[in-house]
Amino acid sequence: MDYKIMIKVLRNKMLLTQSEFAKMLGVSLASVARWELGENEPTMKVKRKLKELFIKYKMVEE
């Protein structure tokens with residue numbers, strides 16, 4: 001899964017800023033920025049939260 005693209009698309013679908021998205025996930029703004037730049041990947045804990053959101057916003061199937 002290409003988190004770089006998926007996270008940015010999800011955040012835009014949710015109409016959230018990087019800061020708002022970070023707060024919702026319980027991570028730093030810098031983390032979200034690094035994910036979207038492809039410098040880092042989310043932790044497993046965050047990946048679980050993201051998976052639920054990807055399913056909710058019909059970006060992936062269960």
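Structure first, text after, so check above.
Summary of the structure given here.

The rules behind these values
- Think of each chain on its own: its residues are numbered from 1, step by step along the sequence as written.
- With the structure being a predicted model, the display of local features is reserved for residues of pLDDT at least 70 and the display and counting of side-chain atom pairs for 80 or more, all residues being used for whole-chain, interface and lining totals.
- The basis for the side-chain values is all heavy atoms of the structure; hydrogens and waters are excluded.
- Under the DSSP-based scheme used, a helix requires at least four consecutive residues in state H or I and a strand at least two consecutive residues in state E, with every element numbered from the N terminus.
- By definition, residues are in contact when any of their heavy atoms lie within 4.5 Å.
- Multiplying one less than the number of residues by 1.5 Å gives the expected span of a helix.
- When a residue's accessible area, from a 1.4 Å probe over protein chains only, is under 20% of the maximum for its type it is buried; when over 50% it is exposed; and in between it is partly exposed.
- The arc in question is the one spanned by the directions pointing from the helix axis to the C-beta atoms.

1. Describing the side chain of R11
- Take R11: it is sitting in helix 1 (residues 3-13).
- Setting aside residues up to four positions removed in sequence, R11 forms contacts with L16, T17, Q18, F21 and E36.

2. Focus on the environment of K49
- Looking at the secondary structure, you find K49 in helix 4 (residues 44-56).
- Taking the C-alpha atoms as reference, K49 lies 14 Å from M14; in sequence the two are 35 residues apart.

3. Overview of helix 4
- With 13 residues, helix 4 extends 18 Å between its outermost C-alpha atoms, agreeing within 8% with the 18 Å of an ideal straight helix rising 1.5 Å per residue.
- If you check which residues of helix 4 are buried, you get V46, K47, L50, L53 and F54. Buried residues of helix 4 fall within an arc of 120 degrees about the axis and therefore sit on the same side. Summarising the geometry of helix 4, the exposed residues directed more than 90 degrees from the buried face are M44, K45, R48, E52 and K56.
- The inward-facing, buried residues of helix 4 contact helix 1, helix 2 (18-25) and helix 3 (29-37).
- Following helix 4 by one or two positions, K58 has its phi on the positive side, about 55 degrees.

4. Focus on the environment of F21
- Mapping F21 onto the fold places it in helix 2.
- Residue F21 is classed as buried on the basis of its relative accessible area of 0%.
- Taking the C-alpha atoms as reference points, F21 and R11, separated by 10 residues in sequence, lie 6.7 Å from one another.
- With residues near it in sequence (within four places) discarded, F21 still touches I7, L10, R11, M14, L16, V32 and L50.

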